[in-house]
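Fold and contact review
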Amino acid sequence: MTTEAYYRHLGGDTYESTIHAQGAWQPQEQHMAPASGILAHVLEQCSPREDMRMARISYDILGMIHGGEFTATAKVIRPGKTIELLEAEMVANGRTAIRATAWRLKTEDTSAVAAVEDHSMPGPDEAKIWTGMSEWPGGYIASLDLRVVEGHRPGRGQVWVHSPYDMVEGVTTSNLVQLIGLVDTANGIASRVRPGAGSYMFPNVDLQIHLHRNPRGRWLGLDNRVTFGEDGIGLTSTILHDADGPFGRSEQLLTIRKT
């Protein structure tokens, strides 16, 4: 049964992944990108307040994110007038696959002192259509429209990512959810080595996202740097953009292994 979304809502806390959420490392797993998007959606729906927004989401990947049916739940674990901490879990195949926490902060008008030090990358209209991720398998990567900025190389690159698919079938989700659901793509856009047999695996064990403003639109810009350490540990660091410029940063801790 085909769909134009990454997930189907089966009722209550239960969802089902579609082929578009399929991961790149193993065919039976979900990709972390849409999985983080569905958890962002659940967090956003948890006791929402108009005077607050999510400013950080921290995901820990506890094991394989099995495809198919799963539950996603969220709760407030530290309520407050100006600061709240939320927690969400995805349980798939009988075990917790992802645990996420999110700081939700009270908003107020600080436009008089607003400033951003990160430089804007060229926009999607200035970038070229890119097939550089075709070496990665899986339904999620196949779902993406990609554009690359001139100067791309292993370990450093600027890429725009867009998906025509909704996060949840029949559900209108926010720009935040749609773009959070693309951020994990960052670990594959400027790989230091080619993935596959005879090379290295470098999956991330977490995803940390900090947001200094709410994103807009459906294009995600990734200004990306990849570091490999000498002892099997690496880091993918990314400045996150929408069409209006930088809106946050992400970090992904890597475990580097020979295949």
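The present account deals with the structure reproduced in this document. (Residues numbered from 1 in each chain as written. Predicted model: local features only at pLDDT ≥ 70, side-chain atom pairs only at ≥ 80, totals over all residues. Heavy atoms only, no water.)

Comments concerning the pairing of strand 15 (residues 245-255)
The buried fraction of strand 15 is high, at eight of eleven residues. Pairing analysis gives four bridges linking strand 12 (residues 206-211) to strand 15, with the strands arranged antiparallel. The residue of strand 15 that forms the bridge with Q208 is E251. In this structure, strand 14 (residues 233-242) lies alongside strand 15, joined through ten bridges in antiparallel fashion. Each bridged residue has a counterpart across the sheet, and for T236 the counterpart in strand 15 is Q252. (Buried < 20%, exposed > 50% of the residue type's maximum accessible area, 1.4 Å probe, protein only. Helix = DSSP H or I, 4+ residues; strand = E, 2+ residues; numbered from the N terminus. Pairing = 2+ DSSP bridges.)

Here's the deal with the layout of surface pockets
Looking at the largest pocket, its volume works out to about 460 Å³. What lines the largest pocket is a set of 24 residues, among which W25, E29, I61, P203 and N204 lie closest to the centre. A breakdown of the residues in the lining of the largest pocket according to their chemical character gives twelve nonpolar, nine polar and three charged. Quantified by volume, the second largest pocket comes out at close to 250 Å³. For the second largest pocket, the lining is made up of 13 residues, of which R53, T107, E108, T110 and H212 are closest to its centre. Residue assignment for the lining of the second largest pocket shows that the elements contributing at least two residues are strand 3 (52-61) and strand 6 (95-106). Split into classes, the residues belonging to the lining of the second largest pocket amount to five nonpolar, four polar and four charged. (1 Å grid on protein atoms, 1.4 Å probe; cavity = no way out; pocket = protein on both sides within 12 Å on 5 of 7 lines; lining within 4 Å. Points joined across faces, edges and corners; volume = space filled by probe spheres on them. Nonpolar A, V, L, I, M, F, W, Y, C, P; charged D, E, K, R; others polar.)

Quick notes on the pattern of salt bridges
For the coordinates displayed, the defined rule picks out 15 salt bridges. Taking the shortest distance from any N to any O, the salt bridge between R8 and E16 comes out at 3.2 Å. The salt bridge partner of D125 is R147, with a shortest N-O separation of 3.9 Å. Of the two residues, D125 sits in the loop between strand 6 and strand 7 (128-129) while R147 sits in strand 8 (residues 145-148), which places them 22 residues apart along the sequence. Take R147: its relative accessible area is 25%, and that puts it in the partly exposed class. (Salt bridge = Lys/Arg side-chain N within 4 Å of Asp/Glu carboxyl O.)

Digging into the packing of aromatic side chains
Tallied over the full model, the rule gives eight aromatic pairs. Each ring, one from Y6 and one from Y140, has its centre 6.0 Å from the other, and the planes form 45 degrees; the classification is tilted. Of this pair, Y6 sits in strand 1 (residues 5-11) while Y140 sits in helix 2 (residues 139-142), and the two are 134 residues apart along the sequence. The exposure class assigned to Y6 is buried, which follows from its relative accessible area of 2%. Measuring from ring centre to ring centre gives 5.9 Å for F202 and F228, while their planes differ by 50 degrees; the resulting arrangement is tilted. Here F228 lies in strand 13 (residues 219-228) and F202 lies in the loop between strand 11 (200-201) and strand 12, a separation of 26 residues in the sequence. Among the aromatic residues, those joined into a cluster by ring pairs are W25, W136, F202 and F228. (Phe/Tyr/Trp six-rings, centres within 6.5 Å; stacked < 30°, edge-to-face > 60°.)

Focus on the pairing of strand 12
Among the six residues in strand 12, five count as buried, and that is most of the element. Where strand 3 lies against strand 12, five bridges are found, and the strand directions are antiparallel. Along strand 12, the bridge assignment pairs R56 with H210.

Describing a nonpolar patch on the surface
On the surface, a cluster of nonpolar side chains totalling about 290 Å² of accessible area is made up of V205, I233, L235 and L253. Tracing the backbone through its elements, the reader meets V205 in the loop between strand 11 and strand 12. (Patch = residues over 30% accessible without salt bridge, like charges linked within 9 Å, V, L, I, M, F, W, Y side chains within 5 Å. Areas by Shrake-Rupley, 256 points an atom, 1.4 Å probe, with all protein chains shown as cover.)

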